[in-house]
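Notes for the structure review
Below are the chains, spelled out letter by letter.
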Amino acid sequence: MNYEELLDRALSQVPKVEFDRSRFKIPDPEIVMIGNRTVLKNLKGIASALNRDPEHLMKYLLRELGAAGSVDGSQAIFQGKFNSSLMKGRIERYADEFVFCRECNRPDTKLVKQGRILMMRCEACGARVAVRSI
Ligand SMILES: [Zn+2]
């Protein structure tokens with residue numbers, strides 16, 4: 001066996017440690033309904049826990065909810081009524097698509113633009129994957 005083969009074999013014997021996603025807690029959405037509007041009070045807090053730009057998360061939520069709305073300071077205001085479990089589900093899907101690494105499940109990722117393509121790059125394992133632009 002040559003050196004390369006030995007190295008391959010040694011690497012394949014290193015146990016692959018997968019990150020347990022449940023250890024990473026996404027803050028619950030704080031929702032207040034005002035008339036026909038829904039205020040997500042902690043948009044900024046959720047975005048910073050996910051290490052993402054609040055505007056990016058907002059764009060995703062508007063699109064997924066099919067709603068109009070705007071960012072107001074640290075909160076988001078949506079036209080329409082959206083309860084917290086609906087909002088929570090959308091935020092979790094956002095995290096699946098734009099935060100957690102597809103390879104190692106860690107949230108230590110960054111979105112980087114490469115030309116016209118948005119890539120999610122993992123700081124922990126180096127994996128890169130193209131994500132859709134929203
Ligand atoms: Zn990774």
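Just above sits the structure.
An account of the accompanying structure is given in this report. Given the structure is predicted, the values throughout are model-derived calculations rather than measurements. (Residues numbered from 1 in each chain as written. Predicted model: local features only at pLDDT ≥ 70, side-chain atom pairs only at ≥ 80, totals over all residues.)

**As for unusual backbone geometry**
In plain terms, the rule: Only DSSP runs of H or I covering at least 4 residues are called helices, and only runs of E covering at least 2 are called strands; the numbering of each starts at the N terminus. Three exposure classes are used. Buried residues have 20 or more other C-beta atoms within 10 Å of their own C-beta, exposed residues have 12 or fewer, and partly exposed residues fall in between, all C-beta atoms being placed from the backbone.
For Asn51, which is not a glycine, the phi torsion comes out positive at approximately 60°. Secondary-structure assignment places Asn51 in the loop between α2 (43-49) and α3 (54-65). The class of Asn51 is partly exposed, set by 13 C-beta atoms lying within 10 Å.

**With respect to the sheet that holds strand β4 (residues 75-79)**
Rule in force here: Two strands are said to pair when DSSP picks up at least two bridges between them. Lines are fitted to the C-alpha atoms to define the axes, a helix being fitted only along its stretch in contact, and any angle between axes, read from their N-to-C directions, falls within 0 to 180 degrees. Note on contacts: residues are paired as contacts if their backbone-placed C-beta atoms lie within 7 Å.
Reading across the sheet, the four strands line up as β1-β2-β4-β3 and stay open at both edges, with antiparallel pairing between neighbours. Each edge of the sheet is formed by a strand with only one pairing partner; in this case those strands are β1 (31-34) and β3 (69-72). For this sheet, the mean inter-axis angle between neighbouring strands, taken without regard to orientation, is 20°. Sheet topology places strand β2 (residues 37-40) next to β4; four bridges connect them, and they run antiparallel. Paired with Arg37 across the bridge in β4 is Gln79. Sheet strands in contact with α3 are β3 and β4, and its direction is about 155° off that of β3.

**Side note on helix α4 (residues 84-98)**
Note the following rule: One less than the residue count of a helix, multiplied by 1.5 Å, gives the span that helix is expected to have. Here, the arc refers to the directions that run from the helix axis to the C-beta atoms.
Taking 1.5 Å as the rise per residue, α4 with 15 residues should run 21 Å; its terminal C-alpha atoms sit 20 Å apart, in good agreement. Taken together, the buried positions of α4 are Met87, Ile91 and Tyr94. Seen from one end, α4 has its buried residues packed into an arc of 55°, which puts them on one side. Along α4, exposed side chains directed more than 90 degrees from the buried face belong to Ser85, Gly89, Arg93 and Asp96. Along its buried surface, α4 packs onto β1, β2, α2 and α3.

**Description of the pairing of strand β6 (residues 117-122)**
Here six bridges tie strand β5 (residues 109-114) to β6, and the two strands are oriented antiparallel to one another. For Gln114, the partnering residue across the bridge sits in β6 and is Ile117. Relative to strand β7 (residues 128-131), β6 is paired through four bridges, and the arrangement is antiparallel. Along β7, the bridge assignment pairs Arg121 with Arg128. Counting the residues between successive antiparallel strands, the hairpin from β6 to β7 contains five residues, one of them, Gly126, with a positive phi of roughly 85°.

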